[in-house]
Structure formats: structure tokens, C-alpha cells
Amino acid sequence: MLIPQLVAHRGYPRHYPENTLIGLEAAIAAGARFVEVDVQLSRDRVPVLFHDRDLKRLCGVSGKVHDLHYEELWHLRVAERGRFGDRFRDVHITRLAELGHLLIRHPEVTAFIELKRSSLERFGVESLLTLVRRSLKPALDRCVLISYSLEALLAARRHGWTRLGAVIDRWDEHRQELVAEIDPAFLFCDVDGLPRDGHLGIDGMKLVVFEVADTPLALALAARGVDFIETFAVGEMLQEFSRLAPSG
């Protein structure tokens, strides 16, 4: 039985606000050795961890990350009150640099850093690449740059980034000429965009499938050639896999 490796998708969202330092720390404490985060820029170009274009779902206020200065973002809280009530009322928006420091403390962990298209559109590829590199410099060797924007990944390749991952919604998109030109080490694909059956492995690429929290499905995907499963429930799935792994 093939058991895939797990990627903690935005930290540990089943129990903590997503893309937060507390959630990432909890995922690592649960045994995660791979984490994935989303990166956007504040108005004054501070890289922060945030998925949505709008602040409403996570912070309960209107507006966009890139419309506020970092000092304004600092005073918001990523409480996800709709799910957690007041439990995380003191959790702030995490800077990318804080993830860099976390990785220094946990050299066994690799981070997938997703460049969000909203910030690429607003600030440009060159600016975002420069600021991300600067924030992660102490732990850059354990970071993989990923994005839906193949143009951004190609620019990153041309600027010396060697660890890259392309993100696609549908399996047939991996045949795009830009994907071949980027030559990514990782290919991320939405589970809903996969073909129903058949082998999925691609020579020279590690395949990561998101979002999966079902152990039988994860094992079935591994049998088809999937290397990594990205999940919001990393602790629970690690426990399931540990029970399945042969002893001794």
C-alpha cells in the first residue's frame, strides 16, 4: 500500500484560522513536514499570509489586503468568528517573514509559497518576487514557489528560482507549453479536476492533489501515482496513516 506524503493546506484550518502562525505551528506539532501558504502584499508592500481577495470571511471587515497598509492590517484579527467565535480573537494577520523564522526553528519542514494573482496583478511579478525572496531569505532553501500564474513562475525561473510548482484546476492543463518551459518540480491539481481513472504520475514532477480530507480517497490517489495530498485536516490524516503503516 502506497501512503502519500501530506501537505498542511494553509496550516491547520480544521482547528485554527487559516494562514496563521498559530495554525502553522499546530500543523507542525501534529507532524506535518510540508506546509502551504498564500501570499499577498499590503498597500505598502509587506508580504502577508492571506488567501482571499476580500477580508470579510476571515477578519469580518470589508476591503482588500492590498488596499490597507500593514499597520492597518496588524490591528485586524484573523478570528474566523463564523467558525470559531471568540476563540482566536487575538490572532493577527501573519507576515511572510514570520513563516521564515518558523522554518528556521523547524529545519525539517518545507514550505510551499503560493503567489496570489491579486497581488501579481496589483504590484507586478518583479516586485512580488523580490519581496518574497527578501522575507524568506534565511530559509529560502526550504521553500518552493508555486502559483496559478505560469507567467510569474516563468519569470521566477529566469530570475534563478529553482524550486517551483505549477498550480492547475484541470488535469489536462499540465500539457500547456508554459508548464514544460517552466519545468516545475511540483504540479498541484484540484482533486475535482482529475480524470476518473488511470495513472496520474508525470516523469520529473511530484504530483500534489488538493483538497482531500478522506483517507480512502488519498490512498486511492497514491495508487494512481499521486505523491502528495494537500489537506485542511493534516493531524487527523497523519493519525490515520500511522495506523495503516506496517509496524517494525
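Reading the values: rules and limits
- In every chain, residue numbers begin from 1 and rise along the written sequence.
- Totals for whole chains, interfaces and linings use all residues, but because this is a predicted model, local features are given only for residues with pLDDT of at least 70 and pairs of side-chain atoms are given and counted only at 80 or more.
- Excluded from the side-chain calculations are hydrogens and water; all other atoms, namely the structure's heavy atoms, are used.
- In this text, helices come from DSSP runs of H or I with a minimum length of four residues, and strands from runs of E with a minimum of two, each type numbered from the N-terminal end.
- When we talk radius of gyration, it's over C-alpha atoms, and the globule rule is simply 2.2 Å times the number of residues to the 0.38.
- Each residue is assigned to one of three classes by its accessible area relative to the maximum for its type, calculated with a 1.4 Å probe on protein chains only: buried under 20%, partly exposed between the two thresholds, exposed over 50%.
- In this analysis, two residues are considered to be in contact whenever any of their non-hydrogen atoms come within 4.5 Å of each other.
- Only the protein chains shown count as cover for residues, and all accessible areas are computed by the Shrake-Rupley method using a 1.4 Å probe.
- Working convention for charge: Lys and Arg count positive, Asp and Glu count negative, and His plus the chain ends are omitted.
- Here the site of a charge means atom NZ of a Lys, CZ of an Arg, CG of an Asp or CD of a Glu.
- Each helix should span, by expectation, one fewer than its residue count multiplied by 1.5 Å.
- Here, nonpolar core refers to any group of buried Ala, Val, Leu, Ile, Met, Phe, Trp, Tyr and Cys residues whose side-chain atoms link them within 4.5 Å.

Peer 1: Help me get a handle on the overall build of the chain, residues and values and all.
Peer 2: Check the secondary structure of the chain and you find 11 helices and 9 strands. Since a compact globule built from 248 residues should have a radius of gyration of about 18 Å, the 18 Å found for the chain is in line with a globular shape. On the principal axes, the C-alpha backbone points of the chain span a range of 50 × 40 × 30 Å. Residues classed as buried in the chain amount to 54% of the 248 residues present. For the chain, long-range pairs separated by at least 24 residues make up 56% of all intrachain contacts whose partners lie at least 6 apart in sequence. Total accessible area on the chain stands at roughly 11400 Å², and carbon and sulfur atoms take up 49% of it. If you average the places of the 32 positive and of the 36 negative side-chain charges in the chain, the two averages end up 4 Å apart.

Peer 1: Give me helix 7 (residues 125-136): which residues, what numbers.
Peer 2: One turn of the α-helix equals 3.6 residues, which is why residues spaced by three or four share an orientation. Helix length check: helix 7, at 12 residues, gives a terminal C-alpha distance of 17 Å against a target of 16 Å (1.5 Å per residue), a fit within 8%. Among all positions in helix 7, only S127, L128, L129, L131, V132, S135 and L136 are buried.

Peer 1: Account for the nonpolar core, naming residues and giving values.
Peer 2: In globular proteins that are soluble, nonpolar side chains generally tend to be buried together. Ranked by internal contacts, the top residues of the largest apolar core, which has 66 residues, are L99, I113, V132, L145, V209 and L221. In contact with V132, not counting residues within four places along its chain, are V39, L96, I113, L115, L145 and W161.

Peer 1: If you had to explain unusual backbone geometry to someone new, which residues and values would you point to?
Peer 2: Going from F210 to E211, the amide bond is cis rather than trans, its omega being -15°. Relative to the helices and strands, E211 resides in the loop between strand 8 (206-210) and helix 10 (215-223). In this structure, R45 takes a positive phi of about 70° despite not being glycine. Here R45 shows up in the loop between strand 2 (34-41) and strand 3 (47-49).

Peer 1: How would you sum up the environment of L2? Please name residues and give values.
Peer 2: Checked against the element boundaries, L2 lands in the segment before strand 1 (5-9). Assessed through its relative accessible area of 57%, L2 is described here as exposed. Considered as a pair, L2 and A223 are 221 residues apart in the sequence and their alpha carbons are 6.1 Å apart. In this structure L2 touches L219, A222 and A223, once residues within four positions along its chain are discounted.

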